[in-house]
Amino acid sequence: MKKAMIVLLVLFITAGFIFAGGQKDQAQTTAADKPVTVTIWGWRTQDADVWKQTQEALQAKGDNIVIEYESFVPAEYDSKALLSLQGGTASDIFYTRRLPGARTQGLIDNGFLVPLDNEIDLNNIPETTLNSIRSGGKVWGVPFANQVVGIFYNKDIFAKYGFAEPETWAELITISKKLKADGITPFMIPGKAGWALAMQHAMVGVSTPGSDWIGKLAKGEAKFTDPEFVNVGRRLNDLKQYYQKDFIANSTDEMSAGFALEQAAMVFYGIWGGSNWKELNPDFNYGYFPVPVVNKGDKPSVYVYMDGSYGLNPISANKEAALKVLEFTASPAFGTIFSNVTGEMTAVTGADLPKDKPVLQECYATANSIAAENMYWVGSVFQNGTPTVYSILREKMQSMYLGDITPEELAKDVQDGLATWYKPLQ
Amino acid sequence: MFRLNTVQKIIIFSILILWAIANIFPLGVMVISGFKSTREIFLAPFSLPSKWSFDSYKEAWTVANFSVYFKNSIIVTLVSITFTLFISSMAAYVLARFEFPGRRAIYLFILAGLVLPVRLAILPIFLLIRNMGLNNTLFSLFIVYTAGGISFSTFLLTNFFKTIPMDIEDAARIDGASYFRVYWKIHLPLLRPALATVTVFNFIRVWNDFFFPLIFINDNAKKTIPLGIQNFFGEYAIKWDLLFAGLNIAVIPIIIFFIILSKQFIGGLTEGAIK
Amino acid sequence: MSAKKLFQKHNYLILIIPALLLYTVFIAYPFFSSLFLSFFKWPGIGPKIFVGLDNYKNVLTGYMSREFYRALGHNFYFFFLNWVLSVVPGMILAFSLAAGLRGSDFFKTLFFIPNTLSIIIVGFLWALLLNPQWGMINQILKSIGLDSIAKAWLGDTKLALPTIIVITGWRGMGFYVLTFLAAIVGIDRSMLEAGRIDGATESQMLFRLILPQMVPIITTITILKIIWSFNIFDIVYAMEGTQGGPAGSTDVLGTLFYRIAFGGLGSSQVGMGLGATVVTLIFFIVFPVSVLYIYIVEKRELKG
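Conventions adopted
- Residues numbered from 1 in each chain as written.
- Chains lettered and ligands numbered in written order.
- Predicted model: local features only at pLDDT ≥ 70, side-chain atom pairs only at ≥ 80, totals over all residues.
- Heavy atoms only, no water.
- Helix = DSSP H or I, 4+ residues; strand = E, 2+ residues; numbered from the N terminus.
- Buried < 20%, exposed > 50% of the residue type's maximum accessible area, 1.4 Å probe, protein only.
- Contact = heavy atoms within 4.5 Å.
- Areas by Shrake-Rupley, 256 points an atom, 1.4 Å probe, with all protein chains shown as cover.
- Rg over C-alpha atoms; globule rule 2.2 N^0.38 Å.
- Polar contact = N/O pair within 3.5 Å; in protein donor to acceptor, adjacent residues only side chain to side chain.
- Pairing = 2+ DSSP bridges.
- Buried area = accessible area lost by both parts, 1.4 Å probe.
- Salt bridge = Lys/Arg side-chain N within 4 Å of Asp/Glu carboxyl O.
- Domains from an automatic or database assignment.
- Nonpolar A, V, L, I, M, F, W, Y, C, P; charged D, E, K, R; others polar.
- Axes fitted to C-alpha atoms, helices over the stretch in contact; angles between N-to-C directions.
- Parallel < 35°, antiparallel > 145°, perpendicular 65-115°, else oblique.
- Left-handed = near helix turned anticlockwise from the far one by under 90°.
- Right-handed = clockwise from strand over helix to strand, strands pointing away.

As for the overall build of chain C
- Across its full length, chain C holds 13 helices and two strands.
- Along the longest, intermediate and shortest principal axes, the C-alpha atoms of chain C span 80 × 75 × 30 Å.
- The buried share among the 304 residues of chain C stands at 60%.
- Partitioning the contacts of chain C with sequence separation of at least 6, the portion at a separation of at least 24 is 64%.
- Accessible surface, chain C: about 12400 Å² in total, of which carbon and sulfur atoms supply 70%.

Shown next as structure tokens:
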């Protein structure tokens, strides 16, 4: 028995060494017209089919290109990309996050991205979206998705009570009161996910006090400790009576499950949640409305941010082929593929959005009409240093919801933190 | 070993049963959840699945590409724990048995490796591997996993070595055996329980690690199981039914490995009882 | 030193060379060179800017000090509570198994199984069980009328950390039980027989003869626990994310380091130099304590 185990072990080790050598060479066909392989790294598992269809579309056009896509868990993707780029082992194309952003800026400053302005046609992507990947006047990637956040609601519940989509904050409260009185949880909030609470604050803030006031803030003509900002926190703090019990312990997954399985009427979330909700409950009938304003007559604006873009590796051995791929991703045809496969909002205009996703279409239209110009969460000027509004809200929103600090103190924490580096506010 | 009356026996048995329940309960939930739909996992945690479906398991197996990843995980794990065990036990032998200048310094030097989180040093390690031309190979994993197990294994084995009486060794040395022979023929067998403990520990560590494969492996064909599982933690997906099924599949080899080895060290434990 | 002795020294030292070589090249050198980063400002890419002791000032007395000391306190708390929750039940269970009742083999195997699960599984599973609305723990508590105790375990600033510690204890129990059991059955029987002949009761034997013999193994375990407690990261990350929520009540040095060095999702700044500072400080807290213990242990061995 012992001998057998030793033999087995030796066999395994030998096999291990044989396999360990690694197949560094790509399997190339020996046909005269060899296909070129373009490698792409990203953090989204849902994109696998997008690239398959892209490959088909390119080959139909006559470009003999094979795309190999690998995805890595989002929380670890950045480490992997950063290390590989420095080590010279990264893929031809890789996903990047947005600007302003220290990580992406770091890549640019150290020569790990190629400016694409003169290489491909970017006319199908709106300027505001391109600004999210623009630095030093150049565009450093092809944006692939915009995200829209706001309030998503259960249409069946609203229909049952005859509620219309609220246009003012007061109307939202009225709806919540009625639901709660009837034993229905008005909001499902993921209190454990600090980032989602920061997002909640941000989406409420772009409606009231609104994009113009935030613009003043960015210039230093207003402060975070002004009542406009403080009241955002206050409104949310007052809203928590309409959240589910013990909301502070729920994750975003639990929130999604609760919402899709009709345990609550509304959530503060983003359009990307849709595929989860449909997966959990194919019959789920949900809708969207922007966060209502406080003063009747004001126009709401919506938090839209660029989710990510495709960047080109400067030391890619297959630049020509990679550029062909990137050129395609900036075209409406790609936008159509992207939205149809993932159910998310492509950054490209002129795409054909899936007809069976009315909420997606609604958000797409919203993003192109009332997107906030000035913001303070992701994709804003306040991301250019440490700490950011995002990082402070991430922790302090929980403290406020737990009653450990007041909305005034929350605002002061943000002001003090930003004042350490944001010049206009110093 | 103890003389106990009936009342004492009942109390002891109750304690064991209580802890057994504390174990079976969560493990049971884990196993059964793999058979449920995501909806049921959330809303009906208590009940048995309405439909005992193997679909999640089947899908998890293919989506996570388990057949390929399994092979890689097994190879990487077995090779690295074998080497770790081999070189750590030799090192422990030297450290436990001999006095030489610098012994304590070397012992503490090796112990230091336990204190530091691996992520801090990932860039130098990555560059080392890349410079050796081993990026994107399983070989890189062999090396880092073997190296990573040295601190703990050496520490534990050194402590166990000290419990072995010197006389057996002296007798063998008088008979003319080399140090290596003494180590191989005498110490290793006596250390079986300790070796088994260290082996299981290292198996768990290597099998479940996702960080090194993430950084060093690019090709799908060389990925290991933890990376495959991560496909279920997608950026926006919450396929909990697949997740549980996948996690359960990943756990089975370890449990089997442990059950096989448990005879070794549980056997070793009761051997001592007859002493 | 005579040539013969030198040759002998050579002879056995060869056995330690593979381990030393591999360890030095792939673990020690990368680590110690990374500790040097603490004197630089470096976002993980690009040039490293020398800043002298600025990072240390920041962590010990500056902006990061609030989070640092909070996390440090949590690590100490973690160590103490985790030690109690592992050693006490571990010993009780080990002795229970040593009694050799029927089924002990099955129990031994069962008790170890949680240890084989990866931390991600454990964190995931328990987060599910502890869900305040639908999770099984609260459902059970409610069904037996203990509504008041059915709390938001991972959402309560006072409960979250103890909960995580209990779960860590749950997972690790198998290792401690089996290690203690190995020590128990290694005890010299003849000494126990002598004790019985002398008329000692079972409990007197337990406390006077057996427990003292357990001190070495408990010491070894304690050293390991000190080291592990200050390096806790995975379970907190799995259950509360890098923020160590809620409101930083579960933030430990490991999550603090991760947050500083790698940032969260998205584009927050990466400060590897600052992260290295935290790690260096951890090292200088933990390592001397371990060294101290080892010296104490060896002194005791020389005496005994």
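Further notes follow.
Topic: the overall build of chain A
- Counting secondary structure elements, chain A contains 16 helices and eleven strands.
- Taking 2.2 N^0.38 as the reference for a compact globule, 426 residues should give roughly 22 Å; the C-alpha atoms of chain A span a radius of gyration of 24 Å, in line with that estimate.
- Principal-axis analysis of the C-alpha atoms gives chain A an extent of 70 × 60 × 45 Å.
- Partitioning the intrachain contacts of chain A with sequence separation of at least 6 by distance along the chain shows that 73% fall at a separation of at least 24.

What to know about the environment of Ser-135 of chain A
All names here are of chain A.
- Within the fold, Ser-135 resides in strand β4 (residues 134–135).
- Here the alpha-carbon distance between Ser-135 and Leu-99, two residues 36 residues apart in the chain, equals 7.6 Å.
- Ignoring any residue separated from it by four or fewer positions in sequence, one finds Ser-135 in contact with Leu-99, Gln-105, Ile-108 and Trp-140.
- At 3.2 Å, the side chain of Ser-135 and the side chain of Gln-105 are in polar contact.

Quick notes on the pairing of strand β10 (residues 304–312) of chain A
Residues and elements named next belong to chain A.
- Among the nine residues that make up β10, nine are buried, leaving the element largely enclosed by the rest of the structure.
- As defined by bridge partners, strand β3 (residues 93–96) adjoins β10 across four bridges and the pair is classed as antiparallel. Pairing of Tyr-95 across the sheet is with Tyr-310, part of β10.
- Bridging between strand β6 (residues 142–154) and β10 involves six bridges; their strand directions are antiparallel. By the bridge assignment for β10, Pro-143 is matched with Ser-309.

With respect to the interface of chain A and chain C
- Facing the 40 residues of chain A at the interface are 38 residues of chain C.
- For the pairing of chain A and chain C, the buried interface totals around 3000 Å² over both sides, and the portion due to carbon and sulfur atoms is 49%.
- Contact with chain C buries area across many residues of chain A, yet Arg-103, Lys-192 and Glu-395 of chain A alone supply 20% of it, more than any other trio.
- Counting across the chain A and chain C interface gives two salt bridges.
- Here Glu-395 of chain A and Arg-70 of chain C are joined by a salt bridge, their closest N and O atoms 3.2 Å apart.
- At the junction of chain A with chain C, the criterion picks out seven residue pairs in polar contact (both at pLDDT 80 or more).
- Of all the secondary structure elements, the ones that give two or more residues to the side of chain A that touches chain C are α3 (74–87), α4 (102–109), α10 (252–260) and α15 (389–401) of chain A.

So, the side chain of Ser-331 of chain A
Residues and elements named next belong to chain A.
- Positionally, Ser-331 belongs in the loop between α12 (319–329) and α13 (332–342).
- For Ser-331, the side chain forms a polar contact with the main-chain oxygen of Phe-328, separated by 2.5 Å.
- When sequence neighbours within four positions are dropped, the list of residues in contact with Ser-331 reads Asn-124 and Val-348.

With respect to the domain arrangement of chain A
Residues and elements named next belong to chain A.
- When its domains are assigned, chain A resolves into domain 1 (34–144 + 307–357) and domain 2 (147–304 + 372–425).
- The distance between the C-alpha centroids of domain 1 and domain 2 comes to 30 Å.
- The interface is formed by eight residues belonging to domain 1 together with ten residues belonging to domain 2.
- Carbon and sulfur atoms supply 61% of the area that domain 1 and domain 2 bury against each other, a total of about 730 Å² over both sides.
- When the area that domain 1 buries against domain 2 is broken down by residue, the three leading residues are Arg-98, Pro-100 and Met-345, summing to 59%.
- On inspection of domain 1 and its partner domain 2, the count reaches two residue pairs in polar contact (both at pLDDT 80 or more).
- Taken together, the residues that form the side of domain 1 that touches domain 2 break down as three nonpolar, two polar and three charged.

Considerations on the domain arrangement of chain C
Residues and elements named next belong to chain C.
- Examined at the domain level, chain C breaks down into domain 1 (3–37) and domain 2 (54–303).
- Of note, the centres of domain 1 and domain 2, computed from C-alpha atoms alone, are 31 Å apart.
- Listed by partner, the interface residues are four residues for domain 1 and six residues for domain 2.
- When the two sides are added together, the surface that domain 1 and domain 2 hide from each other amounts to roughly 380 Å², 74% of it contributed by carbon and sulfur.
- The three residues of domain 1 that bury the most area against domain 2 are Phe-32, Leu-35 and Leu-37, which together make up 95% of that side's buried surface.
- Counting every contact that joins domain 1 to domain 2 gives zero residue pairs in polar contact (both at pLDDT 80 or more).

Some remarks on the packing of helix α6 (residues 119–129) of chain C against helix α8 (residues 160–185) of chain C
Residues and elements named next belong to chain C.
- Contact geometry for α6 and α8: axes closest at 11 Å, N-to-C directions at 130°. Judged by the inter-axis angle, α6 sits oblique to α8. Relative to α8, α6 is oriented so that their crossing is right-handed. Along the contact surface, α6 presents Ile-119, Val-122 and Trp-126, while α8 presents Ile-167, Trp-170 and Arg-171.
- Classifying every residue of the contact of α6 with α8 gives five nonpolar, no polar and one charged.

Some thoughts on the interface of chain C and chain B
- If you look at the interface, chain C gives 96 residues, while chain B gives 96 residues.
- In this assembly, chain C packs against chain B so that about 9500 Å² is buried in total across both faces, 82% of it on carbon and sulfur atoms.
- Sort the elements by how many residues they give to the side of chain C that touches chain B and helix α2 (residues 17–35) of chain C lands first, with 17 residues.
- Residues that form the side of chain C that touches chain B fall into these classes: 70 nonpolar, 15 polar and eleven charged.

Re the pairing of strand β2 (residues 65–71) of chain A
All names here are of chain A.
- Counting buried positions over the seven residues of β2 gives five, a clear majority of the element.
- Where strand β1 (residues 36–42) and β2 come together, seven bridges link them in parallel fashion. Looking at the pairing, Thr-37 lines up with Val-66 of β2.
- Handedness of the crossover joining β1 and β2 through helix α2 (residues 48–60): right-handed.

A short note on unusual backbone geometry
- Look at the link from Leu-99 of chain A to Pro-100 of chain A: it is a cis peptide, with omega at -5°.
- In this structure, Pro-209 of chain A follows Thr-208 of chain A across a cis peptide bond, with omega equal to 10°.
- The topology assignment puts Pro-209 of chain A in helix α8 (residues 194–219).
- Positive phi, normally seen in glycine, also occurs at Asp-246 of chain A, with a value near 60°.
- For Asp-246 of chain A, the position within the fold is in the loop between α9 (227–239) and α10.
- On the accessibility criterion, Asp-246 of chain A (23% relative accessible area) is partly exposed.
- Even without a glycine there, the phi angle at Asn-136 of chain B is positive, about 65°.
- Here Asn-136 of chain B lies in the loop between α6 (122–131) and α7 (138–161).

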